[in-house]
Amino acid sequence: MNAQSPHAASPYAQQLARIPVTQQSVTLLGNETKYWTYGDADATTTVVLVHGYRGEHHGLEPIVAHLPGMRFIAPDLPGFGESGAMTEAAHDIDGYATWLIAFMEALGLTGNAAVLGHSFGSIVVSAAVARGLTAPAIVLVNPIAVPGLEGPRPVATALTVGFYRSARLLPERAARAFLGSPVIVRGMSIALAKTKNRGLRRWIHGQHDTYFSRFASKQTILEGFDASVTRSVGEFAHAITPPTLLVAAERDDITPLSAIRALNGAIAGSELVVIPEVGHLIHYETPAVAASAIEAFLARHRAS
């Protein structure tokens, strides 16, 4: 299941190919959650990966590729990728937090596996921890420190809100085509990518072209969008007690670095690593740097 976009070869393909992977599923909250297990079952560290909004498990594979000694459990969030939409919960932060707690309980990972959330996934992980999910450590990559509506680019945010608001007025089929417009997806990808490496940019655009529009329905994507721009890790900071690593980007267009520094101060004992010259795509552009920081952090807070 390590399929890569046909647009450009993955710069991480050879590393990833060395890591064994299996696909399984579990029924939670009314539908199947598909998940992939990378690495050996006897690895000393297990990490559950929670991807970002409109993403799916492929997006975090570059980080997996740089940590061959660990075991990773990477689900597609309900309503995205290959996982079905939830029928017993909304696709908002509360619903996804309920799902994550249930997912880890079902796989026997509660209290034993570290949890990594990227972007929207950082809010889901934080909400689940605030509701009692236990983990030896958590890692938040490109954490959403303040709600997206308060982000550093108000004009771009307003345009994005208008785009999704327009989709609400359309019937299901038209809304899906509108929300998955290749022009819109490419524009988003161009805006987020900071690397000057042309080959890497082509691959990133290919990843977004291939995977960014794999959502179950108009309802799931709009529920998720509302949650993505109105909620944040910051509201749960006081309740996050496991050892926490924040992996932030110097040029993040979604959450300003100043807000992430404030979040670092609000989460007791948290550690902050800032990666220069990268934006909201740490997992695509600088996975080796992120992986090094994650490996060192988890070595100090061993997850079995």
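One can find the structure itself at the top, above this paragraph.
In short, a report on the structure. (Residues numbered from 1 in each chain as written. Predicted model: local features only at pLDDT ≥ 70, side-chain atom pairs only at ≥ 80, totals over all residues. Heavy atoms only, no water.)

A positive phi angle is found at Asn 142, which is not glycine, with a value near 50°. Residue class for Asn 142 comes out buried when judged on its relative accessible area of 0%. Notably, Glu 277 is not glycine yet its phi reads approximately 55°, a positive angle. As for its placement among the helices and strands, Glu 277 is situated in the loop between strand S8 (271–275) and helix H11 (282–285). For Glu 277, a relative accessible area of 54% puts it in the exposed group. (Buried < 20%, exposed > 50% of the residue type's maximum accessible area, 1.4 Å probe, protein only. Helix = DSSP H or I, 4+ residues; strand = E, 2+ residues; numbered from the N terminus.)

What follows concerns the pairing of strand S2 (residues 31–38). In terms of residue burial, S2 counts as a mostly covered element, since 6 of its 8 residues are buried. Summarising the sheet, strand S1 (residues 21–28) and S2 pair through 8 bridges and their orientation is antiparallel. If you follow Val 21 over to S2, its bridge partner there is Tyr 38. Taking the residues between adjacent antiparallel strands as the criterion, S1 and S2 are bridged by 2 residues, where Leu 29 takes a positive phi near 50°. Pairing of S2 with strand S4 (residues 71–75) involves 4 bridges; the strand directions are antiparallel. Along S4, the bridge assignment pairs Trp 36 with Ala 74. (Pairing = 2+ DSSP bridges.)

Under the defined criterion, the tally for this structure stands at 12 aromatic pairs. On the numbers, 5.1 Å between centres and 80° between planes, the contact of Phe 163 with Tyr 164 is edge-to-face. Take Phe 163 and Tyr 164: they sit in the same class, and that class is buried. One aromatic cluster is present, built from ring pairs that chain together Tyr 53, Phe 80, Tyr 96, Phe 120, Phe 163, Tyr 164, Phe 178 and Phe 225. (Phe/Tyr/Trp six-rings, centres within 6.5 Å; stacked < 30°, edge-to-face > 60°.)

Right, let's talk about helix H9 (residues 218–230) for a bit. The end-to-end C-alpha separation of H9 is 19 Å, in line with the 18 Å expected for 13 residues at 1.5 Å each. For H9, the tally of buried residues reaches 10 of 13 residues, placing the bulk of the element in the interior. All buried positions along H9 are accounted for by Lys 218, Thr 220, Ile 221, Leu 222, Glu 223, Gly 224, Phe 225, Ala 227, Ser 228 and Val 229. Where H9 is buried, its residues meet helix H3 (93–106), helix H4 (120–130), helix H5 (154–168) and helix H6 (172–179). (Expected span 1.5 Å × (residues − 1). Contact = heavy atoms within 4.5 Å.)

Turning to the sheet that holds strand S7 (residues 244–249), a few remarks are in order. Taken in spatial order, the 8 strands line up as S1-S2-S4-S3-S5-S6-S7-S8 in an open sheet, and their pairing is mixed. Of all strands in the sheet, those with a lone pairing partner are S1 and S8, marking the two edges. Strand after strand, the sheet turns through a mean of 20° between neighbouring axes, direction not considered. Two strands pair when backbone bridges link them, and S7 and S8 are joined in this way by 5 bridges, in the parallel orientation. (Axes fitted to C-alpha atoms, helices over the stretch in contact; angles between N-to-C directions.)

At a minimum axis distance of 9 Å, the contact between helix H7 (residues 182–192) and helix H8 (residues 198–211) shows a crossing angle of 140°. The angle between H7 and H8 places the two elements in the oblique class. The crossing of H7 and H8 is right-handed. On H8, the residues touching Val 185, Arg 186, Met 188, Ser 189 and Ile 190 of H7 are Arg 201, Ile 204, His 205, His 208 and Asp 209. (Parallel < 35°, antiparallel > 145°, perpendicular 65-115°, else oblique. Left-handed = near helix turned anticlockwise from the far one by under 90°.)

As a further point, take the nonpolar core. Formed by 57 residues in total, the largest nonpolar core has its most connected members in Val 48, Trp 99, Leu 100, Phe 103, Met 104 and Val 115. Broken down by element, the residue count for this core peaks at 8 residues, all from H3. In this view, Val 48 contacts Ile 73, Leu 100, Phe 103, Met 104, Leu 109, Ala 113, Ala 114, Val 115 and Leu 116; residues no more than four positions away in its chain are not counted. (Core = buried A, V, L, I, M, F, W, Y, C linked by side-chain atoms within 4.5 Å.)

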